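One letter stands for each residue in the lines below.
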Amino acid sequence: MTNRRFILRRRPVGDPVPEDFELVSEPIPDVPAGGLVVRNHYCSLDPAQRGWMDDAPSYMPPIPLGEPVRATTVGEVYASDNPDFPVGSWVMNLSGIEEYSAVELGHFTAPIDIGMVDSPSKFLSAMGAVGLTAYFGMLEVAKPKAGETLCVSGAAGAVGSVVGQIGKIHGCRVIGIAGGAEKCRRLIEDYGFDVAIDYRGKSREDLVEEIAKAAPDGLDMVFENVGGDILEAEVHNLAKKARIVLCGLISEYNSVEKHGLQNLWQLIVHQASIHGFLIMDYADRFPEGGAQIAQWIAEGKVRIDEDVQEGIENTYDAFMRLFSGKNTGKLVLKIA
Ligand SMILES: NC(=O)c1ccc[n+]([C@@H]2O[C@H](COP(=O)([O-])OP(=O)(O)OC[C@H]3O[C@@H](n4cnc5c(N)ncnc54)[C@H](OP(=O)(O)O)[C@@H]3O)[C@@H](O)[C@H]2O)c1
């Protein structure tokens, strides 16, 4: 009985390469006093993990070299020294990409009822940070009003697709920017967006023009997941008092040279605001957000897709799907 662990060996420079990681086999850990050993079944693969691999100031410390890549996981208690978490019960946890995690209970470990869902992976998608990021980013920062225009980048991805659907629930006109014809088709047919813009092969000027055509009165809200030229093209098309939710900058996570916004002046011109958003800020309100998302899903108003890849030995290839755009929905790795 061994524990395979997906270790960060060295810090990636630019695009991560397989040599930055190593799959090692170690003995299953002992149970920490008052804690647990969890058999991880599903690991969340998130763009944020790329940032945690860098030794740069962030909202979390860098992943230590020689330790598994940090991930939110869902798993079954394998051994326990805590009566609140009996063997066989299920938990959600911030641990690492490894088959077994020794868990000293902290504020991120939570029991889950997998009887509520058709797959435990749902706790990483519909019942996890994806829906909550879209919910709090939209409701608390963007504050949509009926008749307004919302533009979301990374629109066919996990967070982006839910953002657009919440915009529709609130009576907004929703423009999505995504890569490729198939993703654009899904924006309209699967998620109910009004306009889909394919950014691939387009210059910043092309994007400025396409957004202007889709939103002649300007963008009241921008939900930004990508950054770079896409953000710049959106900022060229703001309406007065526009709100920009800065949720992610995935186009820059692997860049050694960061892009930087060249047209900040437009924020002054349009008296617009830009708000750096972090889902952890809303942790004490997760039950409220989760209940609303669950209700919208039950009512058929929100659809959340998953892209489940299998095998801890395939972690690198699975993770890189986020940057090639191959993932179709919330990317999850099944390791048990
Ligand atoms: N602030 C927070 O609290 C918070 C929480 C969760 C997520 N996020 C952020 O939300 C964003 C989306 O995360 P997610 O988990 O939902 O991932 P996702 O959107 O499901 O997957 C990432 C997508 O990004 C797009 N992409 C990758 N490289 C790109 C590039 N160079 N230019 C344009 N698009 C690119 C790809 O779609 P295409 O095929 O369309 O290119 C890819 O499918 C990320 O920026 C993430 O960091 C922030």
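Residues numbered from 1 in each chain as written. Predicted model: local features only at pLDDT ≥ 70, side-chain atom pairs only at ≥ 80, totals over all residues. Heavy atoms only, no water.

A. Focus on the domain arrangement of the chain. Split into domains, the chain comes out as domain 1 (2-125 + 304-334) and domain 2 (129-280). A C-alpha centroid distance of 29 Å is found between domain 1 and domain 2. Facing the 21 residues of domain 1 at the interface are 15 residues of domain 2. Between the two partners, domain 1 and domain 2, sit one salt bridge. Taken together, domain 1 and domain 2 are joined by seven residue pairs in polar contact (both at pLDDT 80 or more). No other element matches helix H9 (residues 315-324), which puts three residues into the side of domain 1 that touches domain 2. (Domains from an automatic or database assignment. Contact = heavy atoms within 4.5 Å. Salt bridge = Lys/Arg side-chain N within 4 Å of Asp/Glu carboxyl O. Polar contact = N/O pair within 3.5 Å; in protein donor to acceptor, adjacent residues only side chain to side chain. Helix = DSSP H or I, 4+ residues; strand = E, 2+ residues; numbered from the N terminus.)

B. The arrangement of empty space enclosed by the protein in detail. Per the stated rule, a full pass over the model turns up one cavity of 30 Å³ or more. Lining the largest cavity are Phe6, Phe21, Leu45, Gln49, Met53, Val69, Ile97, Thr315, Tyr316 and Phe319. Residue contributions to the lining of the largest cavity peak at three residues, all from H9. Per-class residue counts for the lining of the largest cavity are eight nonpolar, two polar and no charged. (1 Å grid on protein atoms, 1.4 Å probe; cavity = no way out; pocket = protein on both sides within 12 Å on 5 of 7 lines; lining within 4 Å. Points joined across faces, edges and corners; volume = space filled by probe spheres on them. Nonpolar A, V, L, I, M, F, W, Y, C, P; charged D, E, K, R; others polar.)

C. Region of interest: the environment of arginine 70. Secondary-structure assignment places arginine 70 in strand E4 (residues 70-80). Arginine 70 gets classed as buried once you look at its relative accessible area, which sits at 12%. Sequence-wise, arginine 70 and phenylalanine 6 are 64 residues apart; in three dimensions their C-alpha atoms are separated by 9.5 Å. Among the polar contacts made by the side chain of arginine 70, one reaches the main-chain carbonyl oxygen of proline 61 at a distance of 2.9 Å. (Buried < 20%, exposed > 50% of the residue type's maximum accessible area, 1.4 Å probe, protein only.)

D. Structural view of the packing of aromatic side chains. The final tally for this structure, using the stated rule, is eight aromatic pairs. Pairing phenylalanine 277 with tyrosine 282 gives two aromatic rings, centres 5.6 Å apart and planes at 25°, and the pair type is stacked. Ring centres of phenylalanine 319 and phenylalanine 323 lie 5.4 Å apart, and the angle between their planes is 75°; on these two criteria the pair is classed as edge-to-face. Of the two residues, phenylalanine 319 and phenylalanine 323 are both situated in helix H9; the distance of four residues between them amounts to about one turn of the helix. (Phe/Tyr/Trp six-rings, centres within 6.5 Å; stacked < 30°, edge-to-face > 60°.)

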